[in-house]
Amino acid sequence: MRYDSITDAIGNTPLVRIDPAVHGLRNIDLFAKLEMLNPFGSVKDRAAWNMARPLLAEAVEHGSQVVELSSGNTAKALAVVAGMHGLGFKSVTNRMRVPEIKDLLLLLGAQIEELPGQSECLDPTATDDPLTLFHRTLSASGSTYLHTDQYYNPRNTEAHLTGTGPEIVKDLDGRVPDWFVACVGTAGSSTGVARALREEDPSVRVVGLVAAKSDFIPGIRTIDEVQEVGLFDPETYDTMESVSADEAIEGMLTLNRRCGILGGPTGGAAYHGAVRHLRAVDEELTERRTAVFIVCDRVESYLSYVRQRRPDLLGRPPRKNSPADLTDAEVGGAPSVTVAEARRWIDSEGPLVVDLRSPYAYAALHIDGSVNIVDELFAELLQGGVPFSRSRPVLLACPVGEQSARYAALLTRMGHPDVRSLAGGIIAWRDAGAPLVRD
Amino acid sequence: MGGRPLYLEPRLEPRLRSLLAATGTLRSLTDALGSPLHVVVPDQIAENLERFRSVYRRHHLSGQVYYAHKANRSSALLRRLAATDAGVDVASLGELQHALGAGFTADRITATGPKNPEFLWLAALTGVTVSVDGAGELDQLAALVRKHALAPVRVLLRLSGFETSGVKVLSRRSRFGTPVRELDPLLEAVERHGDAVELTGVAYHLDTTSVAEKATALEGALAALEACRSRGLRPRAVDVGGGFGVSYLAEREQWEAYTTALTAAVLGRRPPLTWGGHGYGLRGESGTLRGVLGLYPAHRSVAGAAYLDELLAQPAASLGGRPLAALLLEHLYDLHSEPGRALLDQCGLTLAKVLEVRSQEAGGALLVRLAAKADDIALEDHGVLVDPVVIPGSGAGPGEGPVAVHLFGGLCLETDLITRRTVFLPRRPVPGDLLAFANTAGYAMDFHATRAQHQPVARKVAAWQDGDAWRWCLDDQFWPITPSGGAQ
Ligand SMILES: Cc1ncc(COP(=O)(O)O)c(C=O)c1O
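The rules behind each value
- Residues numbered from 1 in each chain as written.
- Chains lettered and ligands numbered in written order.
- Predicted model: local features only at pLDDT ≥ 70, side-chain atom pairs only at ≥ 80, totals over all residues.
- Heavy atoms only, no water.
- Contact = heavy atoms within 4.5 Å.
- Buried area = accessible area lost by both parts, 1.4 Å probe.
- Salt bridge = Lys/Arg side-chain N within 4 Å of Asp/Glu carboxyl O.
- Polar contact = N/O pair within 3.5 Å; in protein donor to acceptor, adjacent residues only side chain to side chain.
- Helix = DSSP H or I, 4+ residues; strand = E, 2+ residues; numbered from the N terminus.
- Core = buried A, V, L, I, M, F, W, Y, C linked by side-chain atoms within 4.5 Å.
- Buried < 20%, exposed > 50% of the residue type's maximum accessible area, 1.4 Å probe, protein only.
- Phe/Tyr/Trp six-rings, centres within 6.5 Å; stacked < 30°, edge-to-face > 60°.
- Lys NZ or Arg CZ within 6 Å of the ring centre and 35° of its normal.
- Pairing = 2+ DSSP bridges.
- Axes fitted to C-alpha atoms, helices over the stretch in contact; angles between N-to-C directions.
- Near = heavy atom within 4 Å.
- Areas by Shrake-Rupley, 256 points an atom, 1.4 Å probe, with all protein chains shown as cover.
- Nonpolar A, V, L, I, M, F, W, Y, C, P; charged D, E, K, R; others polar.

Visitor: Is there a simple way to explain the interface of chain B and chain A in this structure?
Guide: Many structure descriptions define interface size as the accessible area lost when the parts assemble. The interface of chain B with chain A comprises 54 residues on the first partner and 43 residues on the second. Buried surface at the junction of chain B and chain A, both sides included, amounts to about 4200 Å², of which 52% is carbon and sulfur. On inspection of chain B and its partner chain A, the count reaches 3 salt bridges. Of the charged contacts in the structure, one is a salt bridge between D375 of chain A and R322 of chain B, with a shortest N-O distance of 2.5 Å. The tally of links between chain B and chain A comes to 19 residue pairs in polar contact (both at pLDDT 80 or more). Of all the secondary structure elements, the ones that give two or more residues to the side of chain B that touches chain A are β7 (167-169), α9 (211-230), α10 (252-266), β12 (288-291) and α12 (324-330) of chain B. Among the elements that make up the side of chain B that touches chain A, the one with the highest residue count is α10 of chain B (7 residues).

Visitor: Before we go on, may I ask you to explain the nonpolar core in this structure?
Guide: A general tendency of soluble globular proteins is for nonpolar side chains to be buried together. L157 and L308 of chain B are the most contacted members of the largest nonpolar core, which has 109 residues in total. Tallying contributions element by element places α9 of chain B first for this core, with 9 residues.

Visitor: Mind showing me how you'd approach the environment of D309 of chain B here?
Guide: As for its position among the elements, D309 of chain B is in helix α11 (residues 305-313). Residues in contact with D309 of chain B, not counting those within four places in the same chain, are V55, R58 and H59 of chain B.

Visitor: I keep staring at the packing of aromatic side chains and nothing clicks. Help me out?
Guide: Aromatic ring pairs are reported here in terms of the distance separating the ring centres and the angle at which the planes meet. For the coordinates displayed, the defined rule picks out 10 aromatic pairs over all chains. Here the aromatic rings of F216 of chain A and Y305 of chain A are separated by 6.1 Å at their centres, their planes lie at 80°, and the arrangement is edge-to-face. In this pair, F216 of chain A sits in the loop between β8 (205-211) and β9 (239-243) while Y305 of chain A sits in helix α11 (residues 303-309), placing the two residues 89 residues apart along the sequence. Ring centres of F244 of chain B and Y307 of chain B lie 6.0 Å apart, and the angle between their planes is 55°; on these two criteria the pair is classed as tilted. In this pair, F244 of chain B sits in the loop between β10 (237-239) and α10 while Y307 of chain B sits in helix α11, placing the two residues 63 residues apart along the sequence. Take F244 of chain B and Y307 of chain B: they sit in the same class, and that class is buried. Among the aromatic side chains, those forming a connected cluster through ring pairs are F378, F388 and Y407 of chain A. The aromatic ring of W479 of chain B is capped on one face by R79 of chain B, whose charged end is 3.8 Å from the ring centroid. Lying across the ring of Y258 of chain B, R421 of chain B places its NZ or CZ 5.9 Å from the centre.

Visitor: Is there a simple way to think about the sheet that holds strand β12 (residues 352-355) of chain A in this case?
Guide: Residue and element names in this part refer to chain A. Ordered by their spatial adjacency, 5 strands build an open sheet running β11-β15-β14-β12-β13, and the pairing between neighbours is parallel. The open sheet has two edge strands with one neighbour each: β11 (336-337) and β13 (371-372). Relative to β13, β12 runs parallel, the two being bridged by 2 bridges. Its bridge partner lying in β13, D355 is registered against N372. Along the sheet face, helix α16 (residues 402-413) touches β14 (394-397) and β15 (419-422) and points at about 175° away from the line of β15.

Visitor: What should I look at first to understand the site of the ligand in this one?
Guide: In the region of the ligand, 14 residues are neighbours, and G243, E338, G340, R341 and Y443 of chain B sit closest. Proximal residues around the ligand fall on chains A and B, making this an inter-chain site. A distance of 2.8 Å is found between an oxygen atom of the ligand and a backbone nitrogen or oxygen belonging to G243 of chain B. A distance of 2.5 Å separates an oxygen atom of the ligand from a polar atom in the side chain of Y443 of chain B. Summarising the interface, the protein chains cover 91% of the accessible area of the ligand, which totals 400 Å² for the free molecule. For the shell around the ligand, a count of residues per class yields 3 nonpolar, 5 polar and 6 charged.

Visitor: What is the right way to read the pattern of salt bridges from this model?
Guide: Think of it this way: side chains of opposite charge can pair up when their charged atoms draw near. Overall, the coordinates contain 57 salt bridges over all chains when judged by the stated rule. With a shortest N-O distance of 2.8 Å, E250 of chain A and R310 of chain A are connected by a salt bridge. Here E250 of chain A, found in helix α9 (residues 245-258), pairs with R310 of chain A, found in the loop between α11 and α12 (328-332); they are 60 residues apart in sequence, far enough to count as distant. Residue classification places R310 of chain A among the buried residues on the basis of a relative accessible area of 17%. With its nearest N and O atoms 3.1 Å apart, the salt bridge here joins D376 of chain B to K373 of chain B.

Structure, rendered in structure tokens:
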């Protein structure tokens, strides 16, 4: 395979059979369309390229900025395409809730603007919602934007009508699957594929999946939110079903761990939704059938999403010398000194004063002569042993004396002969009128 | 009626639940004092304060919780709060007088919002902390202090227009406060007026439900305080304003089902759910939903003190990613907050008597006329959708089965609708029944009330529990030492 441009590598993604031992369907062959293997990582590469391509020459001429309302994958593909043509890219969104995706977009040179939240003191007569303003700015005459408008642009759907759909039929040796299952975001992929399949065989059944209303699955809309999508037509789907975030993650784990398909939560939702829907009909079948679902993108971008919802999946082995495994008695018995005692002690024996607060707080005001080792770093250091000489006494200080007591107990347990915690912390120090400096 | 009834049942905590069960008391109250009638429950505000305090304690933060007075004019609520350790945030001369009269000493009051000279003078004279809107107000305040030989006034600088690096968080524009971009000239003014004002910190109040925007502002406020310190000023507080929200509905599922049905109605896929097909900001354009839902998100999983907790847990990217609470604590800053609506959660209800129940066409919604004006029960004005609770009248036999109704008031305006949506009630009301609108204390009692058409505004009473019984007095008669009431 040799290409002149990375954009030539968009499309022609593999259709991979899911092992029946994993999904447990007896009469249905289930296939995953691996859109995650597009060069920029998702099903959106097709739409982004198809929408932008005819407008690029003119955009380059005018030096236009590419803009899109996107929370992730479309933005990623457009940022790359824009960059390849020397254009800037801006994503406007209120849905970008996954930090890695934000960082990745910034890395790709994108500019991100987040829409403001809803007003708390509601004025029901207000009409200038942020999206309306966004569209007004774009359509103002003389502006130089290339707005791909993925929620309304028929070229989004077209990319799948001419690409994704026919590829599926080709890889099934010219047969149309009996079921097609897809998550609905812009509705572009599900609508385009559904149309392509129906043209070949109108009996295909199309299952659209949305996120449960109170849940958030990145890239998918809820049953109400899809109504805001210009490309969405309820007639496209034989049925709409919803998937919870937990189910999406479970489905993702199955794809990741048992199928070797490193898809993200949307792929997981599609897998879960497909198996759930098909299990009911599988029992009644007497002949073999086929179903296809789409794996939209890759798991790597969603680690913090997983960490937030399923920290158990990212559990790390317990750490050594962790303040977490101290008993309450140990913490309660930690050696401590009052502010007055500490001041005398500093004058007489000159203990090393360690301030555990953040560098910003330390820079603003601290005890003269102290060193700053922020608590997280201090915890790391202690895993390797006591990070200073045992011959010098140490005074630990934090805001209110709580963390410093834990670390004093831990260091005592680790064998330091003279570590004390400043009782009441820097706040007590300040309230006692003891000097704080910024140097 | 079109399908199953779409209930939006109110969230009721034990106090309001118990008050609603005291039907005899509520009936005799409206018999004596008329309809509509507001009932406030002062003890609840003290309990709500305690929830905020516990968030402060959990993060070891000191600082004051200032009740935003604008949300309710009640004297009883204010006086009950005066008997706690809370502060009050006043936004007018009248509110300041009211707070002083309720027993708040100046060290427990902040003055915010745009101020006229009388308000500024009384604040300066009594020693209230002033949240200064801009350089002009600072000049005006300093001139007053000098001219009348007053002691230096403590000031917070109210800031707005906070910006992030990396991802730009677009923020709703505010008419109030000084944009952080103009902080330097403002600080120069503070230094110039060093004889008349003492800077104690910075403040903001953002009208948004977004935690991210508020976190951006708090992070920006920390940076502003650092700018103050680098000039040798000694600030010690950040005031994060209010806007922590209230969850009005008991059940998330009802809210979700309702908003989904509303969407379908706007798109013409089910019969209208509102008077005249009003869409609450949504409209259908060739099968696609346009506009935004102009409704208060009436079911919240996180509101009030829990919202503050969530805000404080946000990491501050520009300050090493530590949580905001940890940064406040480490910098030794006091945290001030100004909850209005959130402190008034579950603090009252509004009663209205049913005057007339009229059928329109067969199967259509009933028209229910209440002895009230829409502006007396201003839930709808704030986009809050919640069902009233039907309290049977003394003689009235209960009607059977759920009904759909439109609730309207006594003004001669078509717009005097108490609810623009079709309300579903578990049974048909009859004249003499009371409808109780729960949780109206925050902004929905007197924020909008007028005296149009010589119709009196609703009266207000304060109620408290005395063993198993509910007792009451006129709002203005309530003091925390009222027998058996308030803070014994
Ligand atoms: C300065 C200030 N603080 C606090 C509040 C109270 O906000 P909420 O009632 O949403 O808590 C307001 C409301 O407008 C305000 O302007």
